[in-house]
Every structure is written in structure tokens, then in C-alpha cells.
Amino acid sequence: MQELTHYINGAHVKGTSGRFADVYNPATGEVQAKCPLASVAEMDQAVAAAEAAQPAWAAVNPQRRARVMMKFVDLLHRDMDKLAEALSREHGKTLPDAKGDVIRGLEVVEYCIGAPQMLKGDFTDSAGPGIDMYSMRQALGVTAGITPFNFPAMIPMWMFAPAIVCGNAFILKPSERDPSVPLMLAELMEEAGAPKGILQVVNGDKEAVDAILQNEVIQSVGFVGSTPIAAYIYAEGCANGKRVQCFGGAKNHMIIMPDADMTQAADALVGAGYGAAGERCMAISVAVAVGDGTADRLLEKLVPKVETLKVGPYTSGDDVDYGPVVTAAAKANIERLVQTGIDQGATLAVDGRDFKLQGYEDGFFVGPHLFDNVTPDMDIYKHEIFGPVLSTVRVDTYEDGLKLAMDHEYGNGTAIFTRDGDTARDFANRVNVGMVGVNVPIPVPLAYHTFGGWKKSVFGDLNQHGPDAFKFYTRTKTVTSRWPSGLKEGGEFSIPVME
Ligand code: NAD
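Analysis parameters
- Residues numbered from 1 in each chain as written.
- Predicted model: local features only at pLDDT ≥ 70, side-chain atom pairs only at ≥ 80, totals over all residues.
- Heavy atoms only, no water.
- Buried < 20%, exposed > 50% of the residue type's maximum accessible area, 1.4 Å probe, protein only.
- Helix = DSSP H or I, 4+ residues; strand = E, 2+ residues; numbered from the N terminus.
- Right-handed = clockwise from strand over helix to strand, strands pointing away.
- Pairing = 2+ DSSP bridges.
- Lys, Arg positive; Asp, Glu negative; His and termini not counted.
- Salt bridge = Lys/Arg side-chain N within 4 Å of Asp/Glu carboxyl O.
- Contact = heavy atoms within 4.5 Å.
- Axes fitted to C-alpha atoms, helices over the stretch in contact; angles between N-to-C directions.
- Parallel < 35°, antiparallel > 145°, perpendicular 65-115°, else oblique.
- Nonpolar A, V, L, I, M, F, W, Y, C, P; charged D, E, K, R; others polar.
- Near = heavy atom within 4 Å.
- Polar contact = N/O pair within 3.5 Å; in protein donor to acceptor, adjacent residues only side chain to side chain.
- Domains from an automatic or database assignment.
- Buried area = accessible area lost by both parts, 1.4 Å probe.

### Some remarks on the pairing of strand β13 (residues 252–256)
β13 sits mainly inside the fold: five of its five residues count as buried. The alternating pattern of β13 places Asn-252, Met-254 and Ile-256 on one face and His-253 and Ile-255 on the opposite face, and all of these are buried. Handedness of the crossover joining β13 and strand β14 (residues 284–290) through helix α10 (residues 262–274): right-handed. Here β13 pairs with strand β19 (residues 413–417) via four bridges, running parallel. Residue Met-254 lies in a different strand from β19, and its bridge partner there is Ala-415.

This is the structure we're talking about:
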């Protein structure tokens, strides 16, 4: 049995707490490795190494720090196949999707190469008589991030690339379900030129997270995961005086107007609903069909596509549409929610309950499910299922569809499929959701824009990546300077104003 490590101060170190989590191969159901769960002492060791390394790193000029990112991009390309294979083996997603996971993170690293421009300050010459004023963006110091299982490459890179290029040290606490890729990324960052202690990986569970939240040296905490944990980390982190941004769960609605091309809408739904087995925070989990007959026309196209989805292990090649879910517990939770849908009166238009894959009977595979006649009071509508289950809700009018998306507690992503520009524009303007697609089912913004939901999908002010990341990972300091020749004689007792 492989025993995974932490990556502390430039070296792989074995866990010393005596506690481990099982890391599965979701396709076979076998435990393939043990992930060490850090104690407070192990976290403190990483924090001490980060604190020692960070000042010298912050003093390296931004252009040189950006060069480390350039080299890191090259290394990610060099090791792409290795990274994707390790990612698929622990997560279960298909190889092309695993490469996408790495590439969307790599794009944030590319954006961070622009750090010298992003970190330039402001300067006012002669703000008053003989007075100059300038603002600079300084690194926070030691920063930390806690990431979910579903994007083990992209989400760590969303956080550590901007943190590090801004001059911080970063401690990553990845998901204990798929920790191998984060460990590989830390090695590659060092090969690219990051000094020891600047990117460390401390594996663990709640104990390691609490050690981050309670450590006085750590200045900021980034979190991506489920909403209850996001709320906890935000409250605790803020109470302990840290800068915190937390991103939570989702229930993304796609509104299908009667004038939409139903073939295009069905294609979009099948990819956005079932890709990565529905384990994406931007997956579409609710299809809202607007108007008489729209749902029937949509389902006529959608049902055959869902019924013929190819479900299999990543080792079966590139034509598999999606793989297993991450754990037996995730599978059991999906099956439980599907049963509530049936019990509460929804129509199971595609029934994936009997899905079996020969040779992989112990894997965590879930067949595709499609519900029709779902209503907002049902559990399958209210809760995030995070599996290959799409719910169809029938509404009479556009306003009813808009209201559904707006009334849901989550506000991560949403989409509208229509040919009508007025309706699309109205939807994009009025909907209270952070990321909106117009005839685009998964509107994940590119690295130079920012990523973030609204409502219970986010806790904090600034989004991920884009210009917000440079704000989150730096503090502004403003200097007002006057040379002795500009000083008046005697003390000044009123608040100075610049005349
Ligand atoms: P999760 O909340 O179970 O775990 C996320 C992280 O929190 C992991 O590192 C885990 O070790 C840690 N954690 C778990 N329980 C904890 C506890 N009690 N106290 C402290 N830390 C704890 O989430 P997950 O299952 O890994 O990921 C799926 C969830 O993440 C879904 O809800 C999905 O919507 C969400 N997600 C959101 C976004 C976004 O950008 N909004 C992106 C990806 C995933």
C-alpha cells in the first residue's frame, strides 16, 4: 500500500500523527494509497518553514517571480500526461477531462506572469507643497488554501499561483481524497525555481484546517468546497482576524426558452449535466423548460442522448463520457437523493439505478438519471446532488423561470438558451447569480476575468483569479513623504488639507 506524504520545506515527509485517510481508485473501489492526516504540530512545522522563507521571496523582484511561473507552465506541459493519469486514477474523471483540469489551472498561472504589471503601484507627484504620495501592494506573508476533491489541479493553482507571484508563501491543504496531484505540483514549482518553503502541501482533515484557522502567523485563508464548511471557515477565519474568501456549493439552472434550438439545448445539457459525473460546481443540475410543449420537445431530444451516455473507467480511452463518482459515500448519497425524487413524485424519465459495468462491479459508478416534473419543494431540487442526475422543471413563463433561479439559495452559475436577444439581455441583467451563460451552459470565466458566485455560493468580497486575486493576496500601503525643505516651522494642530 502506497503511503503518501506531506511536502514540507522542500521535501516529502511522512505523516507523524498516526492518522490516515484511504485514497480510492474510484473505478475499481480499491484503496490504492493512504493519505496522512496532519496534526497541529505538523502544520506548525510548515508554517515555520513558510515564515522563514517568505521575506526573501517577497524581496525578489516581480519579474523574476513571474519567470518562475513561466517555467512552471513549461513543466506542466512537459508532465501533462503524468499529471492527468494521477488525477484520473484518484478522482475518476476521464483523461481528457483531467487534462482540462490541469489546463484551466495552467491558464491562471499564465495570467500570473503579468504580475509586474499587476503589482505596479500608484504615485502622485506634488500631492501638496513638496509632498509626494505613493501606494504599493505588498505581500501578506504566509497564506493558506483549502481545496475540494473535484478539481485537484485547477483549484490549487487558482490560489497558489497568484499568492506566490505576489511574494507570499502558500500552504495548501488539498482534499484528502485525491492528494497526489497537489504534491506533484509542489515538486514542479520547486523545479521551476520557487524556493523551499514557498509552496508546501500539508495533507489532512478538519484537524489540519483548524490548525490553519488558529495559527496566528497565517494571514489569509482561501477555501473552495461545500457551503456548510465554507460558512464555518469564513466565520472562524474572520473571527481570528484573517483575510478569508470561501466558495461553496451550487445548484445551477439552465432556462430553455421555447425559441431555443432544442438539439443545441439537449447537447448542452448532456455535457453540462453529466460531464465529470456531475461533480462540478458549474454543472447544470436543473433544466427549466419554459412554455407549453417546450419540455416535451426538449426531452424528445435529450432522453436518447442521456440513455446512450458512455460510462466507464478512464483507462477505457477517450470516448468515455464520464467516470465513477469519487467515493462509495458519494454514490450512496446520490442514490438516496434519487429515491427521494421518486418518493416525492418526480418522474424518472431515464432510470440509471440498475447501471452495472462488467469487471468494475466494486467501482463507484452511477448510471445517468433524468427527472421530469420536478417541483421546488422536492429534495432533489433543493439540494446539491453532485452526481449524474438532471432535474427538469416545467414552468409557464420566462418570469417564472427567472424567479426559480433567483429564489434558489445558491447562486454560482446559470444559463439561458434562446434566440431572442432581449430575453437574454434581460436575464443577464436581472438574475442574482455570479456567472451567466447565454447559449453557453457552463460559463466558467477565463483566467483574466474573475470566478465567483453569489448568495450561499460565496462568503467574502473578492473573486478567484483575474484582478481580484492580486487584491486578495496583497495589502495596500500608502506612503506620504516630504523632504525637510518642504517643512514649515512649528507644530501643526489641525488636520492638514492640501490647498
Ligand atoms: P468539502 O466541503 O467536503 O471539502 C472541501 C475541503 O474542506 C477539503 O479539503 C476537506 O478536507 C475540508 N473539510 C471537509 N470537512 C471539513 C470540516 N468539517 N472542517 C474543516 N474542513 C473540512 O467539499 P468536497 O466534497 O471536496 O467538494 C465538493 C463541493 O465543493 C461541492 O459542494 C461543490 O459545489 C463545491 N465546489 C465549489 C466550487 C466553487 O467555486 N464555488 C468549486 C468546486 C467545488
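### Considerations on unusual backbone geometry
Positive phi is not limited to glycine here, since Asn-373 has a value of about 55 degrees. Among the structural elements, Asn-373 can be located in the loop between β16 (369–372) and α13 (379–382). For Asn-373, a relative accessible area of 34% puts it in the partly exposed group. Unusually for a residue other than glycine, Phe-386 sits at a positive phi of about 55 degrees. Accessibility expressed as a relative area gives 21% for Phe-386, which makes it partly exposed.

### Side note on the side chain of Glu-279
Along the chain, Glu-279 turns up in the loop between α10 and β14. Arg-177 provides the closest opposite charge to the buried, salt-bridge-free Glu-279, at an N-O distance of 6.9 Å. Non-local contacts of Glu-279, meaning those with residues more than four positions away in its chain, are made with His-91, Phe-149, Asn-150, Pro-324, Val-325, Val-326 and Phe-386.

### Some words on the packing of helix α2 (residues 62–78) against helix α6 (residues 154–165)
Packing of α2 against α6 brings their axes to within 9 Å, and their N-to-C directions diverge by 150 degrees. Judged by the angle between their axes, α2 and α6 are roughly antiparallel. Touching Arg-65, Ala-66, Met-69, Phe-72 and Leu-76 of α2 are Met-157, Phe-160, Ala-161, Ile-164 and Val-165, all from α6. When grouped by side-chain class, the residues that make up the contact of α2 with α6 number nine nonpolar, no polar and one charged.

### Quick notes on the site of the ligand
In the vicinity of the ligand lie 27 residues, with Thr-147, Lys-173, Glu-176, Ser-226 and Glu-384 positioned nearest. Phe-149 places a polar main-chain atom, nitrogen or oxygen, 3.0 Å from an oxygen atom of the ligand. When residues of the shell around the ligand are traced back to their parent elements, those giving at least two are α8 (206–214) and β11 (218–224). Residue composition of the shell around the ligand, by class: 14 nonpolar, eight polar and five charged.

### Considering the domain arrangement of the protein chain
Segmentation of the protein chain into domains returns domain 1 (2–248 + 457–481) and domain 2 (252–438). Centre-to-centre, using C-alpha coordinates, domain 1 lies 32 Å away from domain 2. Counting residues at the interface gives 22 residues for domain 1 and 24 residues for domain 2. In total, about 2,000 Å² of surface goes out of reach between domain 1 and domain 2, with carbon and sulfur atoms giving 64% of it. When the area that domain 1 buries against domain 2 is broken down by residue, the three leading residues are Ala-27, Thr-94 and Ser-457, summing to 25%. Scanning the region where domain 1 abuts domain 2 turns up one salt bridge. Asp-97 is paired through a salt bridge with Arg-280; the nearest N and O atoms lie 3.0 Å apart. At the junction of domain 1 with domain 2, the criterion picks out six residue pairs in polar contact (both at pLDDT 80 or more). Tallied by class, residues from the side of domain 1 that touches domain 2 come to seven nonpolar, nine polar and six charged.

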